[in-house]
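If you want the building blocks of each chain, they are given just below.
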Protein chains: 2
Amino acid sequence: MIDDGWVPDRMCVTVDLVIFTILDGALSALIVERGIPPYAGTWALPGGFVGRHEPLEDAARRELREETGLGAEELHLEQLGAFGDPERDPRDRVVTVAYLALAPDLPLPTAGTDARAARWMAIDSIVSGQLALAFDHRKILRHGLDRARSKLEYTSLASAFCGKEFTITELRNVYEVVWNTKLDPRNFHRKITRAPGFLEPTGRRTTRDGGRPAELYRRGDASLLHPPMLMPTGS
Amino acid sequence: MIDDGWVPDRMCVTVDLVIFTILDGALSALIVERGIPPYAGTWALPGGFVGRHEPLEDAARRELREETGLGAEELHLEQLGAFGDPERDPRDRVVTVAYLALAPDLPLPTAGTDARAARWMAIDSIVSGQLALAFDHRKILRHGLDRARSKLEYTSLASAFCGKEFTITELRNVYEVVWNTKLDPRNFHRKITRAPGFLEPTGRRTTRDGGRPAELYRRGDASLLHPPMLMPTGS
DNA sequence: CCAATAGTGTCTCTTAGACATTATGTA
DNA sequence: TACATAATGTCTAAGAGACACTATTGG
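Residues numbered from 1 in each chain as written. Chains lettered and ligands numbered in written order. Predicted model: local features only at pLDDT ≥ 70, side-chain atom pairs only at ≥ 80, totals over all residues. Heavy atoms only, no water.

Participant: Help me understand the overall build of chain A in this model?
Facilitator: Regarding its fold elements, chain A presents five helices and nine strands. Listed N to C, the secondary structure of chain A is β-β-β-β-α-β-β-β-α-α-α-α-β-β in terms of helices and strands. If one aligns the C-alpha atoms of chain A with their principal axes, the spans along those axes are about 70 × 40 × 40 Å. When contacts within chain A are restricted to residue pairs at least 6 apart in sequence, long-range pairs at least 24 apart make up 65% of them. Averaging the coordinates of the 30 positive side-chain charges in chain A and doing the same for the 33 negative ones gives two points 7 Å apart. (Helix = DSSP H or I, 4+ residues; strand = E, 2+ residues; numbered from the N terminus. Contact = heavy atoms within 4.5 Å. Lys, Arg positive; Asp, Glu negative; His and termini not counted. Charge placed at Lys NZ, Arg CZ, Asp CG, Glu CD.)

Put into structure tokens, the structure is as follows:
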């Protein structure tokens, strides 16, 4: 914060979004195909520049809206952190602030103004390196994945992947997909129903063929999950 | 990431540091008195502008070195996140990336080039609002406090507050000061010594008058604390 | 009746939390 | 010996994990 004639360097600030959903039983992220250099034709996380007078989170929600056409107000949005490696953008110094969003079934994304295409992609292809992303977006996505995984343990975030009303089995599927494990349905049911404030019974039940209908629940008030749902360890 | 003639807004990027230590039994943060506007004469977190070709963490370590005269390599440094409210700096749009550092007993800080003074301050005075900080630094410090508190639960971070060799009681004091609670010395001793990889016995012991000497330990390899040391709940 | 899925119960082992006792130094 | 601080032990209750059974739908 020096002001004795020396002028600080200015740089570009962007927001990038890691938007997860569960599609066909696979944890998937929203990616867009870049239409302009650098990395034209390469897939990337949705994102863009922050306006001069625009709060960071507003910018993130704006980009989310532009890329998905979804009312971003309903979505849980959480800052992942800043990524500012001087070499991360070949053009110029660009510091990006990454946000994480978890979404239930969304309408298929439509390409925005500055993207050729937009689509959901199973994160395995990205994490494994099979599909390369522009810039350091693979690293950012990796951070988002880690964050989502650990937040499932001690918050009631998992329900953000579900619709307004959901069953215990659907909720368990969220955990299983994000953690890439199998959980015991009985122990899961016991823990989740006993966690105070997590679930709110609706009294209604699913109508499906070939099995006993499941109770439907809504999100409860609690944002923290106590006691936590611990991810199974290798030990 | 548009490049069709439109030029993105550029802004200043800074780093700010929440540096905690324990002084006289109180959790304290390093603050500096600003020598130049805005907020000249007001206390603030140490920090400064990021250079055009400087990685964010390098900038944080540089500022840490400049403000404390300490070899910042040994210190645990963790990004807290970006703070970018458009109104947070009256001069100009400034996005800051905050870092958290935990330090054992440090040499008394010496004022840097752009600060009149530097000192440790018990965080209670800051959190309570008794001492006002410049910009949104109180909010940032509050974030750092929350982060430190929760990280103590499931990481072996607490030892970062201790010197190279420390006793169980010293370690327990760290938890008690940061969490502002009392912990049962016996249960704490059991948990912490059983946590795999947390502690490494040195075989040596303290020499102090008026009590049985305590065993001295070093940090172990583990960075995660399993099972976690849960903060006592009000329930 | 059978298939399929949902929900409940039981047992064991580990851990947290409360509390008493023993150990080892100095004055 | 008195005192102060460190370390260990014991009990109880709660939760995790493994597993078997009952319930409710559609064909």
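Participant: Any chance you could explain the protein's contact with DNA strand D here in plain terms?
Facilitator: In the vicinity of DNA strand D lie 21 residues, with A:Arg186, A:Lys191, B:Arg186, B:His189 and B:Glu215 positioned nearest. Expressed as a percentage, the sugar and phosphate content of the atoms of DNA strand D within 4 Å of the protein is 55%. A distance of 2.7 Å separates a phosphate oxygen of DNA strand D from a polar atom in the backbone of B:Glu215. Contributing elements (two or more residues each) for the surface near DNA strand D: α5 (185–194) of chain A together with α5 (185–194) of chain B. Looking at the surface near DNA strand D element by element, the count peaks at four residues for α5(A). Residues of the surface near DNA strand D, tallied by class, amount to four nonpolar, seven polar and ten charged. (Near = heavy atom within 4 Å. Polar contact = N/O pair within 3.5 Å; in protein donor to acceptor, adjacent residues only side chain to side chain. Nonpolar A, V, L, I, M, F, W, Y, C, P; charged D, E, K, R; others polar.)

Participant: How should I be thinking about the relation of the copies chain A and chain B in this particular structure?
Facilitator: Related by rotation about an axis and a shift along that axis, the two copies of the chain form a pair. Mapping chain A onto chain B leaves a residual RMSD of 0.1 Å; the transformation is a rotation of 180° accompanied by 0.0 Å of translation along its axis. Classification of the inter-copy transformation places it as that of a two-fold axis. When C-alpha distances to the rotation axis are compared across chain A, the minimum falls at A:Gly81, with a value of 2.3 Å. Interface overlap between copies is the fraction of interface residues in one copy that are interface residues in the other; for chain A against chain B it reaches 100%, indicating a shared surface. (Least-squares fit on C-alpha atoms with pLDDT ≥ 70 in both.)

Participant: I keep staring at helix α4 (residues 168–179) of chain B and nothing clicks. Help me out?
Facilitator: Given 3.6 residues per turn, any residue in an α-helix points the same way as the ones three and four places further on. Residue and element names in this part refer to chain B. Across its twelve residues, α4 extends 16 Å between first and last C-alpha, which sits within 8% of the 16 Å expected from 1.5 Å per residue. When α4 is considered as a whole, its buried residues turn out to be Ile168, Leu171, Arg172, Val174, Tyr175, Glu176, Val177, Val178 and Trp179. On its buried face, α4 is in contact with β1 (10–23), β2 (26–34), α3 (137–154), α5, β8 (199–205) and β9 (215–219). Count one or two residues on from α4 and you reach Asn180, which has phi positive near 60°. (Expected span 1.5 Å × (residues − 1). Buried < 20%, exposed > 50% of the residue type's maximum accessible area, 1.4 Å probe, protein only.)

Participant: Can you help me understand the protein's contact with DNA strand C in this one?
Facilitator: The environment of DNA strand C is made up of 23 residues, and the closest members are A:Arg186, A:Glu215, B:Arg186, B:Arg190 and B:Lys191. When atoms of DNA strand C within 4 Å of the protein are split into backbone and base, the sugar-phosphate part holds 55%. B:Arg190 is positioned such that a nitrogen or oxygen atom in its side chain is 2.8 Å from a base nitrogen of DNA strand C. A distance of 3.2 Å is found between a base nitrogen of DNA strand C and a side-chain nitrogen or oxygen belonging to B:Arg212. Contributing elements (two or more residues each) for the surface near DNA strand C: α5 of chain A together with α5 of chain B. Ranked by residues supplied to the surface near DNA strand C, first place goes to α5(B) with four residues. Its residues assigned to classes, the surface near DNA strand C shows four nonpolar, seven polar and twelve charged.

Participant: Would you take a moment to explain the interface of chain A and chain B for this structure?
Facilitator: Buried accessible area, meaning the area lost when the parts come together, often serves as the stated size of an interface. Between chain A and chain B, the contact holds 39 residues from the first and 40 residues from the second. A:Arg52 is paired through a salt bridge with B:Asp92; the nearest N and O atoms lie 2.7 Å apart. Where chain A packs against chain B, one counts 18 residue pairs in polar contact (both at pLDDT 80 or more). For the side of chain A that touches chain B, the elements supplying multiple residues, two or more each, are β1 (10–23), β4 (47–49), β5 (76–83) and β6 (94–102) of chain A. When residues in the side of chain A that touches chain B are grouped by element, the largest group, five residues, is from β1(A). The residue inventory of the side of chain A that touches chain B, partitioned by class, reads 19 nonpolar, nine polar and eleven charged. In terms of strand pairing, β1(A) meets β1(B) through three bridges, oriented antiparallel. Within the sheet, the bridge partner assigned to A:Met11 lies in β1(B) and is B:Met11. (Salt bridge = Lys/Arg side-chain N within 4 Å of Asp/Glu carboxyl O. Pairing = 2+ DSSP bridges.)

Participant: I tried to follow the pairing of strand β6 (residues 94–102) of chain B on my own but got confused; where do I start?
Facilitator: Within a regular strand, side chains alternate between the sheet's two faces. Residues and elements named next belong to chain B. When you tally the buried positions in β6, you get nine out of nine residues, the bulk of the element. Alternating positions in β6 separate into two faces, Val94, Thr96, Ala98, Leu100 and Leu102 on one and Val95, Val97, Tyr99 and Ala101 on the other, with burial throughout. Pairing between β1 and β6: nine bridges, direction parallel. Residue Phe20 lies in a different strand from β6, and its bridge partner there is Leu102. The pairing of strand β5 (residues 76–83) with β6 spans seven bridges and is antiparallel.

Participant: Could you clarify how one ought to interpret α3(B) in this entry?
Facilitator: Here α3(B) spans 26 Å end to end across 18 residues, near enough to the 26 Å set by a 1.5 Å rise per residue. Within α3(B), burial applies to B:His137, B:Ile140, B:Leu141, B:Gly144, B:Leu145, B:Ala148, B:Lys151, B:Leu152 and B:Glu153.

Participant: Which parts of the structure should I look at to understand the pattern of salt bridges?
Facilitator: Pairing between side chains becomes possible if they bear opposite charge and their charged atoms approach one another. Following the criterion strictly, the structure yields 40 salt bridges over all chains and no others. Across the pair B:Asp16 and B:Arg88 runs a salt bridge, and its minimum N-O distance is 3.8 Å. Here B:Asp16 is found in strand β1, whereas its partner B:Arg88 is found in the loop between β5 and β6, with 72 residues between them in sequence. The class of B:Asp16 is buried, set by a relative accessible area of 2%. B:Arg88 sits in the buried class, given a relative accessible area of 4%. Measuring nitrogen to oxygen at the nearest pair gives 2.6 Å for the salt bridge that ties B:Glu78 to B:Arg147. One end of the pair, B:Glu78, is in strand β5; the other, B:Arg147, is in helix α3, and 69 residues separate them in sequence. The class for B:Arg147 is partly exposed, based on a relative accessible area of 24%. Through salt bridges with shared partners, one network takes in A:Glu54, A:Arg62, A:Glu63 and A:Glu66.

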